[in-house]
Amino acid sequence: MPLVTTTEMFKKAYAGGYAIGAFNVNNMETIQAIVEAADECRSPVILQVSAGARKYANPVFLRHLVQAAVETTDIPIAMHLDHGADFEICKSCIEVGFTSVMIDASSKPWEENIALTKKVVEYAHDHGVVVEAELGKLAGIEDDVKVEARDAQFTSPDEVQEFTERTECDSLAIAIGTSHGAYKFKPGQDPRLRIDILEEIGKRLPGFPIVLHGASSVPQDQVAVVNEFGGSMPNAIGIPESELRKAAKLAVCKINIDSDLRVAFTAAIRRHFAENPSHFDPRQYLTDARANMKQLVKHKIVDVLGSANRA
Ligand code: G3H
Ligand code: 13P
Ligand code: ZN
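Residues numbered from 1 in each chain as written. Chains lettered and ligands numbered in written order. Predicted model: local features only at pLDDT ≥ 70, side-chain atom pairs only at ≥ 80, totals over all residues. Heavy atoms only, no water.

## Here we look at the pattern of salt bridges
Put simply, the test is: Any Lys or Arg side-chain nitrogen located within 4 Å of an Asp or Glu carboxyl oxygen qualifies as a salt bridge. Only DSSP runs of H or I covering at least 4 residues are called helices, and only runs of E covering at least 2 are called strands; the numbering of each starts at the N terminus. Residue burial is assigned from relative accessible area. The probe radius is 1.4 Å, only protein chains are included, and a residue is buried under 20% of its type maximum, exposed over 50%, and partly exposed in between.
Per the stated rule, a full pass over the model turns up 22 salt bridges. Of the charged contacts, one joins Lys 91 and Glu 95 as a salt bridge, the two residues approaching to 3.3 Å between their closest N and O atoms. You can see Lys 91 and its partner Glu 95 sitting in helix H5 (residues 87–96), 4 residues apart, about one turn around the helix. Of the residues examined, Glu 95 reaches a relative accessible area of 54% and is grouped as exposed. For Arg 166, the salt bridge is made with Glu 162, and the minimal N-O distance between the two is 2.9 Å. In this pair, Arg 166 and Glu 162 both sit in helix H8 (residues 157–167), 4 residues apart, roughly one turn of the helix. Assessed through its relative accessible area of 32%, Arg 166 is described here as partly exposed. Connected through salt bridges with shared partners, the residues Glu 36, Glu 40, Lys 294 and Lys 298 form a single ionic network.

## Observations regarding H8
Stated precisely, the cut-off is as follows: Here the arc refers to the directions that run from the helix axis out to each C-beta atom.
Listed as buried for H8 are Pro 157, Val 160, Phe 163, Thr 164 and Thr 167. For H8, the arc enclosing every buried residue in end-on projection is 100°, short of the 170-degree limit, so these residues lie on one face. In H8, the exposed positions angled more than 90 degrees off the buried face are occupied by Asp 158 and Glu 165. Directly beyond the C-terminal end of H8, a positive phi value near 60° is found at Glu 168.

## Re the sheet that holds strand S5 (residues 130–135)
Rules: Only strands joined by at least two bridges in the DSSP assignment are considered to pair. An axis is simply a line fitted to the C-alpha atoms; with a helix, the fit covers only the stretch in contact. Between two such axes, the angle follows the N-to-C directions and lies from 0 to 180 degrees. We call two residues in contact when some of their heavy atoms are within 4.5 Å.
With parallel pairing, the 8 strands of this closed barrel are ordered in space as S1-S2-S3-S4-S5-S6-S7-S8. When strand polarity is set aside, the average angle formed by the axes of neighbouring strands in this sheet is 25°. With 4 bridges joining them, S5 and strand S6 (residues 171–174) adopt parallel strand pairing. Residue pairing for S6: Leu 135 is matched across the bridge by Ile 174. Here H8 sits on the sheet and contacts S5 and S6; the angle it forms with S5, its principal contact strand, is near 150°.

## Some remarks on the site of ligand 2
Quick note on the threshold: Here a residue is near a molecule or strand as soon as one of its heavy atoms is found within 4 Å of it. Polar contacts here mean pairs of N or O atoms no more than 3.5 Å apart (in protein, one a potential hydrogen donor and the other a potential acceptor; neighbouring residues in sequence count only if both atoms are side-chain atoms). Here the accessible surface of atoms and residues is derived via Shrake-Rupley with a 1.4 Å probe, and residues count as covered only by protein chains that are part of the display. Nonpolar residues are Ala, Val, Leu, Ile, Met, Phe, Trp, Tyr, Cys and Pro. Charged residues are Asp, Glu, Lys and Arg, and all others, Gly as well, are polar.
Close to ligand 2 lie 16 residues; Asp 82, Lys 184, Ser 216, Asp 258 and Ser 259 are nearest. Within the side chain of His 180, a nitrogen or oxygen atom sits 3.1 Å from an oxygen atom of ligand 2. Within the backbone of Ala 215, one N or O atom sits 3.1 Å away from an oxygen atom of ligand 2. Protein chains bury 97% of the 310 Å² of accessible surface belonging to ligand 2 in isolation. Those elements giving two or more residues to the shell around ligand 2 turn out to be strand S3 (77–84) and strand S8 (252–257). In terms of residue class, the shell around ligand 2 is built from 2 nonpolar, 11 polar and 3 charged.

Written as structure tokens, this is what we have:
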């Protein structure tokens with residue numbers, strides 16, 4: 001099956017009360033780990049490429065690695081640009097063969113966000129590609145701000161209808177308490193999501209697919225391995241998986257996971273070297289890293305996203 005857009009995936013996910021995992025990819029091993037896991041779980045999957053990934057690996061290399069993955073499985077796979085910063089980046093990824101792009105103009109004023117998103121939507125739709133937009137600002141751990149100030153960053157349900165109608169975007173990333181990275185909350189902070197805002201947005205946009213960025217859970221067993229074998233990740237805290245399950249049953253159709261993959265990959269490599277200090281063949285430790293990442297992706301698909309057996 002060739003690469004697909006997210007249209008069908010999201011329609012089924014919305015109706016079925018589950019979400020599709022959007023996993024960040026940077027090299028062959030991560031692509032293999034994610035696609036093998038999705039294939040064994042018979043789950044659709046989104047492989048997404050960030051600015052950092054483009055710089056590290058070159059989008060053309062990633063496009064061809066994804067193509068190799070597509071040729072080894074029959075599950076639906078979409079290739080998505082993560083956090084596209086401007087029109088040109090979106091256009092160049094569409095030219096390379098991505099089937100979905102995100103235009104992230106969420107830091108811009110309202111009218112500018114709408115104008116830029118609309119411009120990308122027009123170009124993308126002309127080329128059979130779908131567009132994710134963003135409204136609201138993701139919280140950051142550094143935000144030692146008062147509760148009212150943090151609330152002001154959440155997506156306002158009052159704005160979503162006008163935004164999606166005027167831009168004609170295909171999905172919308174919202175801010176309801178997630179944030180990027182492995183340090184999302186400080187010890188003692190309440191790690192819950194604003195499910196009430198999500199429910200309200202769902203009412204304002206019936207059937208419309210919502211996206212959650214910054215949705216890693218930072219599994220403590222993996223962090224413990226990193227810390228045991230020479231690493232240092234003090235107080236790494238993520239989104240509880242129970243919160244993500246609630247969101248997946250509601251309007252959230254796409255859940256972005258990157259940090260968890262990184263932690264799993266690194267934990268396995270740290271363990272490998274601690275147990276095999278004489279090894280220097282990258283295939284030896286990358287085999288462990290890939291296997292550990294694959295196991296984590298399977299867990300996400302089965303226990304968090306609910307997308308197993310939906311391919
Ligand atoms: O949303 C951000 C992703 O985790 C990608 O981060 O640009 O460092 O690859 P990156
Ligand atoms: P995490 O850092 O929580 O994995 O989020 C990844 C993400 O949102 C990519 O766009
Ligand atoms: Zn993100």
